[in-house]
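What follows is the residue order along each chain.
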Amino acid sequence: MTTRNFPESFVWGSATAAYQIEGAAAEDGRGRSIWDTYSHTPGRTVNGDTGDVAADHYHRWPQDLDHIAELGLGAYRFSISWPRVQPGGSGRFNAAGLDFYSRLVDGLLERGVRPVATMYHWDLPQELEDAGGWPARETALRFEEYASGIVTALGDRVHTWTTLNEPWCSAYLGYASGVHAPGRTEPAAALAAVHHLNLAHGLAGRVVRELAPSAELSVTLNLHVVRGASDSAADADAVRRIDALANRAFLGPMLDGEYPADLLADTAPVTDWSFVRSGDEKLIAVPLDVLGVNYYASTLVRAWDGHSARSDADGHGASAHSPWVGADDVDFLPQPGPHTAMGWNIDPPALTELLLRLRLDYPGQPLMITENGAAFDDVVSADGRIHDDRRIDYLRRHIGAMADARARGADVRGYFVWSLLDNFEWGYGYDRRFGIIRVDYDTQERTWKDSAHWYRHLATTGRLDE
Ligand code: FCB
C-alpha cells in the first residue's frame, strides 16, 4: 500500500443541486421551473419520478449540514433554486426563498464549512422558458437580475459563487437531444442557448465582482476527454469537432475571449451565430478565480463513413436526436468496462489527462474538481450497512488520478464528491444512487455508506491510501 498526502489547504467537499434534493416544490412561494414541468410530463423520467419531495432537504437541512460537519468536510457546493427565490424569473424576489438560503449559508459558516453556491443548476423558471428559454437573449438579462438579487442577499458570506453548472447539458441536452428539460429538439436553438448561457455567465460574473468583491468567482463545466478510435486523419477530425462542441464552445469565450473559428465553421450549416453581438465575447471572458471541472467518464469517437451501423453510444440517454449539433458524421463508440450503473465507463487516467491539458492551455488558472462520483446499485446488508466497495474504488482511483495531475503541476485546489446524498438523478429519477449517504425515500432516513466513512478518513487526514 502506498499513501499520498494532500496539503492542509486542499479543500475536500461534497456537492448537491437544489432540484435534486430539496423537495418542497410548492412551499413558501416557490414558482415552477422547467424541471417541474418536464418531470411531470408522462414518459420523460424513469417511473415518472419528480423532484416534488426528493430528499426533503428543504426541511431536513440542519441534519444534512450536521452530516457534512461530521464528515469533516471543508466546503459544501449547493445550488440556489431560481424559482424559489424569484418565482416567475423576473421582478419580485421571494423573501421566504432567500431566507432559506440565508439560513443554509449561516448554518454552514457556523459549522466551519465554506459555502460554494451555484446560481444555476438547470432549474429555469418556466415563465422564462415560455418566453423563449435559453435560445433567447432576454434570458441572459433576466439571469443578471437574478444574480444581483441573490448576491445582494448572500454576498460575501458565500465563499465561492459559481455562475453555471454544466452549460453543455443545459444547451445540448435541453434543446437538441431533449433528454433534459425543457425537452426541445431544435439544433439551431441549442447553439443559441450555448451563447446565451455563456453571456449569462459573463453578466453574472460582473455582478459578483461588483457586489461581492471578496468572494471568489467560478463556473463549472463538464469537460469531455475525447479520444479517437484510430490515428487516421478522419478520426482526428472527429475528435476536433467534438472537442469544439463539448469543450471549446465554453472555454473559448470564457477563457480566451472568443469562439473558436473551427466551431463556427463546423456549425455554419446549422446557424450563422448572428446572435453573438459585438462586445459579448469580451464580457463573457470575466476572469475566474477558479475553474470548476466535473468529470465522470471519457468519450470515444470515430468518423462515420455514412453507411456502416452506428453505435451512438455517447452515454447521455436514448434519444432519436443527437446532442452533437452539426456533427452527424461522428459516431460515438461503446467503451470497455467496467461501467457504473449509469453505463458510463470508468477511466481515471482520462481525468489526469484533462487536468494536464487545462494546465497547458490555461497556465495559472486554478482548478477545482466540482463533481466526481459514481452510481452503483447499492445493497443494504443484513447488518444495516451499505458496503459500496465499488464506489470507494472509483473515488480512490479518481482522487489518485487527480493527485497524479497535481504532481505534474496541475493547480487543483479542491475536490467535491458527487454526491452528499442519494437524490433525483434527472431523467433517471430515483433509480440511480450517487450518494455517499443513502436516503431511504420512504422514511427519509439517512445512512452513511462505507464510502462516507472512507471519505471522512481522507478529508480529515489528507491521506489517500492506495
Ligand atoms: C452531472 C450533474 C449532476 C448529477 C451528475 C451525476 O452532470 O451536474 O447534477 O446529475 O451529473
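Residues numbered from 1 in each chain as written. Predicted model: local features only at pLDDT ≥ 70, side-chain atom pairs only at ≥ 80, totals over all residues. Heavy atoms only, no water.

Caption draft 1: Structural detail: the sheet that holds strand β9 (residues 299–303). Taken together, 3 strands build an open sheet; the order of strands is β7-β9-β10 and the sheet is mixed. Strands at the two margins of the open sheet, each flanked by one partner only, are β7 (226–228) and β10 (330–332). On average, adjacent strands in this sheet sit at an angle of 40° to one another, irrespective of strand direction. The pairing of β9 with β10 spans 3 bridges and is antiparallel. The residue of β10 that forms the bridge with Arg 302 is Asp 331. (Pairing = 2+ DSSP bridges. Helix = DSSP H or I, 4+ residues; strand = E, 2+ residues; numbered from the N terminus. Axes fitted to C-alpha atoms, helices over the stretch in contact; angles between N-to-C directions.)

Caption draft 2: Molecular detail of the layout of surface pockets. Considering only enclosed or pocket space, the largest pocket measures out at about 870 Å³ in volume. The wall of the largest pocket is formed by 48 residues, among which Leu 173, Gly 315, His 316, Met 342 and Trp 344 lie closest to the centre. Elements supplying a minimum of two residues to the lining of the largest pocket: α8 (167–175) and β9. Of the residues assigned to the lining of the largest pocket, the class counts are 21 nonpolar, 22 polar and 5 charged. Size it by volume and the second largest pocket reaches roughly 260 Å³. Around the second largest pocket, the lining is made up of 20 residues, and of these Asp 312, Ser 319, His 321, Ser 322 and Pro 323 lie nearest the centre. (1 Å grid on protein atoms, 1.4 Å probe; cavity = no way out; pocket = protein on both sides within 12 Å on 5 of 7 lines; lining within 4 Å. Points joined across faces, edges and corners; volume = space filled by probe spheres on them. Nonpolar A, V, L, I, M, F, W, Y, C, P; charged D, E, K, R; others polar.)

Caption draft 3: Broad picture of the site of the ligand. Every residue close to the ligand is listed here: Gln 20, His 121, Trp 122, Asn 165, Glu 166, Tyr 296, Glu 371, Trp 418, Glu 425, Trp 426 and Phe 434. Contact between the ligand and Glu 371: an oxygen atom at 3.0 Å from a side-chain N or O atom of the residue. Contacts to the ligand include Trp 426, whose side-chain N or O atom sits 2.9 Å from an oxygen atom. If the ligand stood free it would expose 300 Å²; the protein chains cover 95% of that surface. With respect to the pocket detection grid, the ligand is positioned in the largest pocket. Across the shell around the ligand, the residue classes break down as 5 nonpolar, 3 polar and 3 charged. (Near = heavy atom within 4 Å. Polar contact = N/O pair within 3.5 Å; in protein donor to acceptor, adjacent residues only side chain to side chain. Areas by Shrake-Rupley, 256 points an atom, 1.4 Å probe, with all protein chains shown as cover. Sits in = over half its atoms within 2 Å of the grid points.)

Caption draft 4: Here's a closer look at empty space enclosed by the protein. Within the structure shown, the criterion is met by 4 cavities of 30 Å³ or more. Approximately 70 Å³ is the volume found for the largest cavity. Lining the largest cavity are 13 residues, with Val 116, Thr 160, Val 290, Met 368 and Phe 416 positioned closest to its centre. Residue classes in the lining of the largest cavity are distributed as 6 nonpolar, 6 polar and 1 charged. Taken as a whole, the second largest cavity encloses approximately 50 Å³ of empty space. Around the second largest cavity sit Ile 34, Trp 35, Tyr 120, Trp 122, Trp 134, Cys 169, Ser 170, Gly 174, Tyr 175, His 180, Ala 181 and Pro 182, which together line it.

Caption draft 5: Highlighting the sheet that holds strand β3 (residues 75–79). Around the barrel, which closes on itself, the 8 strands sit in the order β2-β3-β4-β5-β6-β8-β11-β12 with parallel pairing between neighbours. Averaged over all neighbouring strand pairs, the angle between strand axes comes to 25°, with direction disregarded. Bridge analysis of strand β6 (residues 216–221) against strand β8 (residues 290–294) gives 4 bridges, and the strand direction is parallel. Its bridge partner being in β8, Leu 221 is matched across the sheet by Val 293.

Caption draft 6: The arrangement of the nonpolar core in detail. Counting 157 residues, the largest nonpolar core has Trp 12, Trp 161, Ile 399 and Met 402 as its most contacted members. When residues of this core are assigned to their parent elements, the largest contribution, 12 residues, is made by helix α9 (residues 187–211). Sequence-distant contacts of Trp 12, that is, excluding residues within four places in its chain, are made with Phe 6, Leu 73, Gly 74, Ala 75, Ile 399, Met 402, Tyr 415, Tyr 455, Leu 458, Ala 459 and Gly 462. (Core = buried A, V, L, I, M, F, W, Y, C linked by side-chain atoms within 4.5 Å. Buried < 20%, exposed > 50% of the residue type's maximum accessible area, 1.4 Å probe, protein only. Contact = heavy atoms within 4.5 Å.)

Caption draft 7: The arrangement of the pairing of β8 in detail. Burial of β8 is extensive: 5 of the 5 residues sit out of reach of the surface. Residues Val 290, Gly 292 and Asn 294 line one face of β8 and the alternating positions Leu 291 and Val 293 line the opposite face, and both faces are buried. Inspection of the sheet shows β8 paired to strand β11 (residues 367–371) by 4 bridges, in the parallel sense. Of the residues in β11, the one forming a bridge with Leu 291 is Leu 367.

Caption draft 8: Inspection of unusual backbone geometry at higher detail. Going from Ala 181 to Pro 182, the amide bond is cis rather than trans, its omega being 5°. Within the fold, Pro 182 resides in the loop between α8 and α9. Following Gly 337, the chain continues to Pro 338 via a peptide bond in cis, the omega torsion being 0°. The topology assignment puts Pro 338 in the loop between β10 and α13 (348–361). The phi torsion at Asp 28 lies on the positive side, around 50°, for a residue other than glycine. Take Asp 28: it is sitting in the loop between α1 (18–21) and α2 (34–39).

Caption draft 9: Just helix α7 (residues 137–154), in detail. End to end, α7 covers 26 Å across 18 residues, agreeing with the expected 26 Å (1.5 Å per residue, within 8%). Of all the positions in α7, only Thr 139, Ala 140, Arg 142, Phe 143, Tyr 146, Ala 147, Gly 149, Ile 150, Val 151 and Leu 154 are classed as buried. Close packing links the buried residues of α7 with α4 (82–85), α5 (95–110), β4 (114–120), α6 (126–130), β5 (160–165) and α9. Once α7 finishes, Gly 155 follows within two positions and takes phi at roughly 45°, a positive value. (Expected span 1.5 Å × (residues − 1).)

Caption draft 10: Molecular detail of the packing of α7 against α9. Relative orientation of the contacting elements α7 and α9 amounts to 25°, with a least axis distance of 8 Å. Here α7 lies roughly parallel to α9, going by the angle between them. The crossing of α7 and α9 is right-handed. Residues Arg 137, Ala 140, Leu 141, Phe 143, Glu 144, Ala 147, Ser 148, Val 151 and Thr 152 of α7 pack against His 195, His 196, Leu 199, Ala 200, Leu 203, Ala 204, Arg 206, Val 207, Val 208 and Leu 211 of α9. The residue inventory of the contact of α7 with α9, partitioned by class, reads 12 nonpolar, 4 polar and 3 charged. (Parallel < 35°, antiparallel > 145°, perpendicular 65-115°, else oblique. Left-handed = near helix turned anticlockwise from the far one by under 90°.)

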